[in-house]
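# Geometric and topological summary
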Amino acid sequence: MNYVRGRQVVIHDPRLETVLSDAIGPPSDELWMLGRKAIAPKAWWNLEVDPKKHKVSEIFAAVALRANIAKMTGIGELDALHIMAHGTQGAIQLGSDWLHKPTMSALGKIAGVFRFVIIHSCLVGRPPQGTPAFMTFMTFGGSQFAHKAAALTKSTIVVARQLQYYSVKKHADLNRAELDFGKWDGPVDVYKHGLPVETHNQIVDDAFNLEKLIFGNTK
């Protein structure tokens, strides 16, 4: 995924770390990243949150402020917001108070700002037990978290139902390693407010191509 393409924003919670400092991290046997700080890939704008200080409301207020500044320079709707943080069903470990049902109203601060909001977190979009394996134009059910996020942001929400694997790659600064999400581990669900959920399941579909979804092609 080319995060520099277009106008994309990355929010990164630094508790999403390299495999050797976080046992839940990326599946890798390499040792070169030992002791290196994991950082988000460079985008049009990056925001690394402080887990001890930043509240969810403050995080999205900062993103909204950056978007408003962009609008003042003639830039309209932004392409995508990527949230890179640990997650669990219906919740993201973001800042000092998590992004979940009690704090989700903060997403209203970025209503209409992004075409897509991409959640690179494990299990966040896991729907209730018994949900169909494929939801393309079949159901308005699925993850209530994702439905609510779509309603609040007025954006297309992309979430993984299960583990979101990632790796790290070398950075020019030898003390750092850059997060690399690479291919998604399916199924991946796409939520649009007021529309049925669309499922990309790699078992029968082609590999999910996030960049193609956002920009229409990979060039």
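Our structure's up above, just so we're on the same page.
Treat the numbers as computed from the prediction; the structure is a model and nothing was measured.

### Concerning unusual backbone geometry
Unlike most non-glycine residues, Trp-98 shows phi in positive territory, near 60°. Within the secondary structure layout, Trp-98 lies in the loop between β6 (91-92) and β7 (114-120). Located in the positive-phi region is Lys-154, a residue other than glycine, with phi close to 60°. Following the sequence through the fold, Lys-154 ends up in the loop between α2 (144-153) and β8 (156-160). Residue classification places Lys-154 among the exposed positions, given a relative accessible area of 54%.

### Structural notes on the sheet that holds strand β10 (residues 176-180)
With mixed pairing, the 3 strands of this open sheet are ordered in space as β2-β10-β9. At either margin of the open sheet sits one strand with a lone partner, and together these are β2 (37-39) and β9 (167-170). Averaged over all pairs of adjacent strands, the angle between strand axes in this sheet comes to 45°, irrespective of strand direction. Here 4 bridges tie β9 to β10, and the two strands are oriented antiparallel to one another. Within the sheet, the bridge partner assigned to Ser-167 lies in β10 and is Asp-180.

### Re the nonpolar core
Core analysis: the largest hydrophobic core is formed by 37 residues, its most contacted members being Ile-11, Phe-60, Leu-81, Ile-92, Leu-94, Leu-99 and Ile-157. Those elements that provide at least two residues to this core are β1 (8-12), α1 (56-72), β4 (78-84), β7, α2 and β8. With 7 residues, α1 is the single largest residue contributor to this core. Dropping the residues within four chain positions of it, Phe-60 is found in contact with Ile-11, Leu-81, Ile-83, Leu-94, Leu-99, Ala-106, Leu-107, Lys-109 and Ile-110.

### Let's talk about α2
Of all 10 residues in α2, 7 are buried, a share of seventy percent or more. Buried residues of α2: Phe-145, Ala-146, His-147, Ala-149, Ala-150, Leu-152 and Thr-153, and no others. Those residues of α2 hidden inside the fold are in contact with β6, β7, β8 and β11 (188-191). Downstream of α2 by a residue or two, Lys-154 has a phi angle that is positive, lying close to 60°.

### Some words on the pairing of β11
With burial as the criterion, each face of β11 is covered, one bearing Val-188 and Val-190 and the other bearing Asp-189 and Tyr-191. Across 4 bridges, the pairing between β8 and β11 is antiparallel. Bridging across to β11, Ile-157 finds its partner in Tyr-191. Pairing of β11 with strand β12 (residues 198-200), which is carried by 3 bridges, proceeds in the antiparallel orientation. Note that in β12 the partner of Val-190 across the bridge is Glu-198. Linking two consecutive strands that pair antiparallel, namely β11 and β12, is a turn of 6 residues; a positive phi of about 85° is found at Gly-194 within it.

### Looking at the sheet that holds β1
Here we have 7 strands laid out as an open sheet, ordered β3-β1-β4-β7-β8-β11-β12, and mixed in their pairing. Bordering the open sheet on either side are β3 (45-48) and β12, each of which pairs with just one other strand. Along the sheet, successive strands turn relative to each other by an average axial angle of 15°, direction set aside. Strand direction decides the pairing type here: β4 and β7, joined by 6 bridges, are parallel. Paired with Ala-80 across the two strands is Phe-116, which belongs to β7. Strands β1, β3, β4 and β7 of the sheet are contacted by α1, whose axis makes an angle of about 160° with β3. In the packing of α2 onto the sheet, contacts are made with β7, β8 and β11, and the angle to β8 comes to roughly 155°.

### Here's the deal with α1
Across its 17 residues, α1 extends 25 Å between first and last C-alpha, which sits within 8% of the 24 Å expected from 1.5 Å per residue. At the C-terminal side of α1, Gly-74 shows a positive phi close to 100°.

### Overview of the pairing of β1
With 5 of 5 residues buried, β1 lies mostly within the body of the structure. A two-sided burial pattern is seen for β1, the buried positions comprising Gln-8, Val-10 and His-12 on one face and Val-9 and Ile-11 on the other. Pairing of β1 with β4 involves 5 bridges; the strand directions are parallel. Following the sheet pairing, Ile-11 is matched in β4 by Ile-83. With 4 bridges joining them, β1 and β3 adopt parallel strand pairing. Residue pairing in the sheet places His-12 in a bridge with Glu-48 of β3.

What counts and how
- Residues numbered from 1 in each chain as written.
- Predicted model: local features only at pLDDT ≥ 70, side-chain atom pairs only at ≥ 80, totals over all residues.
- Heavy atoms only, no water.
- Helix = DSSP H or I, 4+ residues; strand = E, 2+ residues; numbered from the N terminus.
- Buried < 20%, exposed > 50% of the residue type's maximum accessible area, 1.4 Å probe, protein only.
- Pairing = 2+ DSSP bridges.
- Axes fitted to C-alpha atoms, helices over the stretch in contact; angles between N-to-C directions.
- Core = buried A, V, L, I, M, F, W, Y, C linked by side-chain atoms within 4.5 Å.
- Contact = heavy atoms within 4.5 Å.
- Expected span 1.5 Å × (residues − 1).

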